[in-house]
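# Topology and contacts: notes
The chain contents come next:
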Protein chains: 2
Amino acid sequence: MARALKVAAAQVGPVHRSTSRAEVLARLIKLVEGAASQGVQLVVFPETTFTTFFPRYYITDDKELANYYEYETEETGPVTETKNVKEFFDHAKALCVDVQVGYGEDTGKGRYNTAVYVSGATGKVLNKYRKVHLPGSTEPFDLEPTTTNQLEKRYFLPGNFGFQAFRASSLKEHCGGTSPIVGQLICNDRRWAEGWRCYGLQGVEILCCGYNTTAYAPQLWGGDQNISREKAYEEAMFHHKLVVQAHAYTNSMFCITAARAGNDDGRHPLIPGSMIVDPEGHIVAESKTEDDELVIAVIDLDDCKQGKERTFNLGKHRRPELYGRLVEGGGVQPPPDE
Amino acid sequence: MARALKVAAAQVGPVHRSTSRAEVLARLIKLVEGAASQGVQLVVFPETTFTTFFPRYYITDDKELANYYEYETEETGPVTETKNVKEFFDHAKALCVDVQVGYGEDTGKGRYNTAVYVSGATGKVLNKYRKVHLPGSTEPFDLEPTTTNQLEKRYFLPGNFGFQAFRASSLKEHCGGTSPIVGQLICNDRRWAEGWRCYGLQGVEILCCGYNTTAYAPQLWGGDQNISREKAYEEAMFHHKLVVQAHAYTNSMFCITAARAGNDDGRHPLIPGSMIVDPEGHIVAESKTEDDELVIAVIDLDDCKQGKERTFNLGKHRRPELYGRLVEGGGVQPPPDE
């Protein structure tokens, strides 16, 4: 195994609206310590890792809402240096582990659903990604405090960095002298082929993706409103795995997915399904619980070659001159009926 | 079921290099008659339906090669009128069944891997699609006559029509007065998200896709050259289903896939896997054999609405301004390593 890495998805179990930041940080630090003790070089954490998944709530108290973001301005410096979460990043650096971590970002000018990839060697941010495909709506379904809403379009701006791959230079020496090419997606992005392909076109070998995916919220999905909780859970897991496996395969890359899982507040269930998927679309490791859990695998980046050089040789088989519709905008335009 | 249709995939079993055109036509006619007798309104046939899958052979005899194409020039008129295959299309029209059929097309100026969609009401070609994503190579792996090659890039030009959806006006009255929106793909195209999304952006409700997919040819795929026949078959079926289910789900459309299946010439095995997949990515019907077989289901096109209006509302959630890489060309461009 010429370019082997030991990687992990750090699944995080229930984080309630009432869970303190101190408790969350302690749990995250325990996960990164556990990974380091097993020789893991890269750990992927979920979306909005430091708090509960707040876009499910219709929050009218601006002070509460403000607590769900990390503040990154010229004054504060990068998120790794901000007082609320610095302790976590300091541990990762001390343990020399690369981490991808998702969080609500407030720049003072805009709020984004963000993930940073931080070098374990230097503690520096190697890349920042802002979620492009925000699901849901700006207005809540109803004002019942128990409803699971999906208000990302209310609380975040769509990501404005596009899909910029980068080299994890921190892992260069572990990888036969060639730094891994890494891409980042967040939650709903994994259902959209466009982001994956933008990364495929940059030769990405490892795709990192954290998520919060509700296990029961028929009002969000439409369709059968009387679906059982068991069936809804099964469907959500099926769709999650289907898109990750298919897009990893068709872009010949590994993917590490990390879930915020479990039943938040005792009434907002989230699926687990933290996985490591190989470039042929196979699940090589998968979470077994809905709690804090490390999912670990050794992967060989050379396994990306088969797909990238043959079946999914993008330079050889794609026909970009025929894909104009993909960038046209204007939404769906059906052919006229007679 | 407001917009219900009865549809079928017509799987076609072994067609050897030595199988006569007359035998193939008789089998295809039997399939379309069987479908009509069960009230089916649309039947999807495989890729290169009228002949064996000739791109697997390195053919040096131009006369033999010429026999694998249908000739469509200004003189001959559309394929439905050409003498070699007219009998099949006449039967479909007499039975009032829509058909999609794949074939090698020779226009006198170029050769394409083509599929036509023909109205059962009028016998007219409603749409012609030419395969865009030609797999394989122009040169053979070796000159052994028993080798399974993949020479589509030698025998065909890439499709030049793009991905143009159309209305199957023939089915309008069966569909609550609104003609189904249909898209066409051929074989390897189903592995490429770009074509599916071009159709999704035109509101496609039924995607028709015929294929010939080898069940054992490690020399084509790379990777483990000592893979067992059982494992290779399992992998090929896994990838086939994975991409069809994922792309049907992420574009909220039904998909009908029709295989040329079985062991051609006793040495070139093809997978079956003819299926009807719903807009949530579930297989609703699937072939049970590797022979001639009809796979039939009643589908309700209104089932596309849930995805198209919510999770995969393409107009609402996509960000085309960030997808520039998809149409840039120039192949894969990795970020520089330090």
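Here, residues in each chain are numbered from 1, in the same order as that chain's written sequence. Here chains are named by letter from A upward and ligands by number from 1 upward, in the order in which they appear as written. Only residues with pLDDT of at least 70 get local features here, since the model is predicted, and only at 80 or more are side-chain atom pairs given and counted; chain-wide, interface and lining totals rely on the full set of residues. Calculation of side-chain values draws on the structure's entire complement of heavy atoms; hydrogens and water are dropped beforehand.

An unreviewed UniProt entry annotates chain A as CN hydrolase domain-containing protein originating from Kwoniella heveanensis BCC8398.

We now examine the relation of the copies chain B and chain A. In screw terms, the move from chain B to chain A is a rotation of 180° and a rise of 0.0 Å along the axis, fitting with an RMSD of 0.0 Å. Here the two chains are linked by the operation of a two-fold rotation axis. Whether two residues touch is decided by their heavy atoms; if any such pair falls within 4.5 Å, the residues are in contact. Comparing contact sets, 100% of the residues at the interface of chain B also lie at the interface in chain A, consistent with an isologous, same-surface contact. In superposing the copies, a least-squares fit is computed on C-alpha atoms, taking residues whose pLDDT is at least 70 in both.

Facing the 75 residues of chain B at the interface are 75 residues of chain A. Of the roughly 6,600 Å² buried between chain B and chain A on both sides combined, carbon and sulfur atoms contribute 60%. What counts as buried area is the accessible surface, traced by a 1.4 Å probe, that two parts surrender upon association, with contributions from both included. Summed over the three residues of chain B that lose the most area to chain A, namely B:W192, B:R325 and B:L326, the buried surface amounts to 11% of that side. A carboxyl oxygen of Asp or Glu within 4 Å of a side-chain nitrogen of Lys or Arg is what we treat as a salt bridge. There are four salt bridges connecting chain B and chain A. Notably, a salt bridge pairs A:E194 with B:R197, separated by 2.6 Å at the nearest N-O pair. For the purposes of this entry, the term helix denotes a DSSP run of H or I that reaches at least four residues, the term strand denotes a run of E that reaches at least two, and both are numbered from the N terminus. Contributions of two or more residues to the side of chain B that touches chain A are made by strand 7 (166–167), helix 5 (193–200), helix 6 (218–221), helix 7 (229–250) and helix 9 (314–317) of chain B. At nine residues, helix 7 of chain B tops the list of elements feeding residues into the side of chain B that touches chain A. Residues are grouped as follows: Ala, Val, Leu, Ile, Met, Phe, Trp, Tyr, Cys and Pro are nonpolar; Asp, Glu, Lys and Arg are charged; every other residue, Gly included, is polar. When the residues that make up the side of chain B that touches chain A are grouped by side-chain class, the tally is 31 nonpolar, 29 polar and 15 charged.

A complete count under the given rule lists 40 salt bridges over all chains for this structure. One salt bridge in this structure joins A:R318 and B:E194, with 2.8 Å as the shortest N-O distance. With A:R318 in the segment after helix 9 (314–317) and B:E194 in helix 5, this residue pair bridges two chains. Neither A:R318 nor B:E194 differs from the other in exposure class; each is buried. In this structure, the salt-bridge partner of B:R27 is B:D292, at a minimum N-O distance of 2.8 Å. Taken as a pair, B:R27 in helix 1 (residues 21–37) and B:D292 in the loop between strand 14 (283–286) and strand 15 (293–300) lie far apart in primary sequence, 265 residues in all. Bridged by salt links that share partners, the residues A:E72, A:E105, A:K128 and A:R130 form one connected network. Remark: exposure states derive from per-residue accessible area (1.4 Å probe, protein chains only) relative to the maximum for the residue type, with buried under 20%, exposed over 50%, and partly exposed in between.

What follows is about empty space enclosed by the protein. Of the grid points, spaced at 1 Å and generated over the protein atoms alone, those admitting a 1.4 Å probe that cannot get out make up cavities, while open sets with protein on both sides within 12 Å along at least five of seven lines make up pockets; any residue with an atom within 4 Å of a point is treated as lining. Grid points are joined across faces, edges and corners, and a volume is the space filled by probe spheres set on the points. A full pass over the atoms with the stated rule returns four cavities of 30 Å³ or more. Size it by volume and the largest cavity reaches roughly 100 Å³. Along the walls of the largest cavity sit A:A193, A:E194, A:R197, A:L326, B:A193, B:E194, B:W196, B:R197, B:H247, B:T250, B:N251 and B:L326, which together make up its complete lining. Going through the elements one at a time, helix 5 (193–200) of chain A together with helix 5 and helix 7 of chain B are the ones with two or more residues in the lining of the largest cavity. Examining the composition of the lining of the largest cavity, we find that four residues originate from one element, helix 5 of chain B, more than from any other. Taken together, the residues that form the lining of the largest cavity break down as five nonpolar, three polar and four charged. Considering only enclosed or pocket space, the second largest cavity measures out at about 70 Å³ in volume.

Our focus in this paragraph is the state of the cysteines. Whenever a pair of cysteine sulfur atoms sits within 2.5 Å, that pair is classed as a disulfide. Applying the stated rule across the entire model yields zero disulfides over all chains. A disulfide-free cysteine, A:C96 has its sulfur positioned 14 Å from the sulfur of A:C175, the nearest such atom.

What follows deals with the UniProt feature "domain: CN hydrolase" (unreviewed entry) in chain A. UniProt positions are given in the numbering used here, feature names are shortened, and annotations may be inferred rather than shown by experiment. Residues annotated in UniProt with the feature "domain: CN hydrolase" (unreviewed entry) correspond here to residues 5–301 of chain A. The straight-line gap between the two end C-alpha atoms of residues 5–301 of chain A is 8 Å; of that span, 23% is helix and 27% is strand.

Residue and element names in this part refer to chain B. Along the chain, T214 turns up in the loop between strand 9 (206–212) and helix 6. Taking relative accessible area as the criterion, T214 reaches 14% and is therefore assigned buried. Here a polar contact is taken to be a pair of N or O atoms separated by no more than 3.5 Å, where protein atoms must pair a possible hydrogen donor with a possible acceptor and residues adjacent in sequence count only if both atoms sit in side chains. Of note is the side chain of T214, whose polar atom sits 3.4 Å from the backbone nitrogen of Y216.

In this section: the sheet that holds strand 14 of chain B. Residues and elements named next belong to chain B. Only strands joined by at least two bridges in the DSSP assignment are considered to pair. Reading across from one edge, 7-8-9-10-13-14 is the order of the six strands in this open sheet, with mixed pairing throughout. Two strands close off the open sheet at either side, each with one partner strand: strand 7 and strand 14. Examined bridge by bridge, strand 9 and strand 10 (residues 254–260) share seven bridges and lie parallel to one another. Bridging from a neighbouring strand, N212 pairs with R260 of strand 10. Only the stretch in contact is used when fitting a helix axis, every axis being a line fitted to C-alpha atoms; angles between N-to-C directions are given from 0 to 180 degrees. Lying on the sheet, helix 5 is in contact with strand 8 (181–186), strand 9 and strand 10; it crosses strand 8 at an angle near 170°. Those strands touched by helix 7 are strand 9, strand 10, strand 13 (275–277) and strand 14, and its axis lies near 30° from that of strand 13.

So, about the packing of aromatic side chains. Aromatic contacts are taken between Phe, Tyr and Trp rings whose centres are within 6.5 Å, Trp giving its six-membered ring; a plane angle under 30 degrees counts as stacked, one over 60 as edge-to-face, and the others as tilted. Using the criterion set out here, one finds 30 aromatic pairs over all chains in the structure. Between A:W192 and B:F312 the ring centres are 5.5 Å apart and the planes differ by 50°, which places this aromatic pair in the tilted class. In this pair, A:W192 is assigned in the loop between strand 8 (181–186) and helix 5 and B:F312 in the loop between helix 8 (305–309) and helix 9, connecting two distinct chains. Here A:W192 matches B:F312 in class, with each residue buried. With centroids separated by 5.3 Å and ring planes inclined at 65°, the aromatic side chains of B:F54 and B:Y69 adopt a geometry described as edge-to-face. With a gap of 15 residues between them, B:F54 in the loop between strand 2 (42–44) and helix 2 (62–66) and B:Y69 in strand 3 (residues 69–71) connect regions that are remote in the sequence. By the burial criterion, B:F54 is buried, and B:Y69 matches it.

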